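A look at the structure
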Amino acid sequence: MSDEITVTITRLKAYVMGKTSATIIIDDVEVGKLKNGESMEFKTTSGPHKFEARAVSALAGLENFDLQDGNTVNVKMKLVGWDIRLERK
């Protein structure tokens, strides 16, 4: 059984779509919205999860990550969609 962990999601500042909020979805459940440059923390379980970022008039970004406690998921809007990367410290 997996333990509860804390994951940070950071929307990196970008000029492209900078005024549009990003909807963050984990395992098909919306966990929040992020404005340009904002961060949020959420609780989940360790292990594999589906991570998605969406915005109006933009291609959705979708990645699968094996999450661990303290991970940071960085999202950035690019010209054709989202760049989503996992950062482990």
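Attention in this report is confined to the structure presented alongside it. Treat the numbers as computed from the prediction; the structure is a model and nothing was measured.

Describing the nonpolar core
Core analysis: the largest hydrophobic core is formed by 19 residues, its most contacted members being Ile9, Ile24, Phe51, Val73, Val75, Trp82 and Ile84. For this core, the elements supplying multiple residues, two or more each, are strand 1 (4-11), strand 2 (22-26), strand 4 (39-45), strand 5 (47-54), strand 6 (61-67), strand 7 (72-77) and strand 8 (82-87). Those residues in contact with Trp82 that lie beyond four places of it in its chain are Arg11, Ala22, Ala53, Arg54, Ala55, Leu59, Ala60, Gly61, Val75, Lys76 and Met77.

Observations concerning the environment of Lys43
Checked against the element boundaries, Lys43 lands in strand 4. A relative accessible area of 54% means that Lys43 is categorised as exposed. C-alpha of Lys43 to C-alpha of Val31: the two residues are twelve residues apart in sequence and 9.8 Å apart in space. Ignoring anything within four residues of it in the chain, the contact list for Lys43 reads Glu4, Ile5 and Thr6.

Quick notes on the side chain of Glu52
Looking at where Glu52 falls in the secondary structure, it is placed in strand 5. For Glu52, the side chain forms a polar contact with the side chain of Arg54, separated by 2.8 Å. Among residues more than four places away in sequence, those in contact with Glu52 are Thr23, Ile24, Ile25, Ala60, Gly61 and Leu62.

A look at the sheet that holds strand 5
Spatially, four strands are ordered 3-2-5-6 in an open sheet, and the strand pairing comes out antiparallel. A single partner strand is all that each edge strand has here, and the edge strands are strand 3 (29-34) and strand 6. In this sheet, adjacent strand axes meet at a mean angle of 25° when their direction is disregarded. Note: strand 2 against strand 3, five bridges, orientation antiparallel. Within strand 3, the residue paired with Ile26 across the bridge is Val29.

A word on the side chain of Asn71
Take Asn71: it is sitting in the loop between strand 6 and strand 7. For Asn71, a relative accessible area of 2% corresponds to the buried category. In contact with Asn71, other than residues within four places in its own chain, are Thr6, Val7, Thr8, Asp66, Leu86, Glu87 and Arg88.

Each value, and the rule that gives it
Residues numbered from 1 in each chain as written. Predicted model: local features only at pLDDT ≥ 70, side-chain atom pairs only at ≥ 80, totals over all residues. Heavy atoms only, no water. Core = buried A, V, L, I, M, F, W, Y, C linked by side-chain atoms within 4.5 Å. Buried < 20%, exposed > 50% of the residue type's maximum accessible area, 1.4 Å probe, protein only. Helix = DSSP H or I, 4+ residues; strand = E, 2+ residues; numbered from the N terminus. Contact = heavy atoms within 4.5 Å. Polar contact = N/O pair within 3.5 Å; in protein donor to acceptor, adjacent residues only side chain to side chain. Pairing = 2+ DSSP bridges. Axes fitted to C-alpha atoms, helices over the stretch in contact; angles between N-to-C directions.

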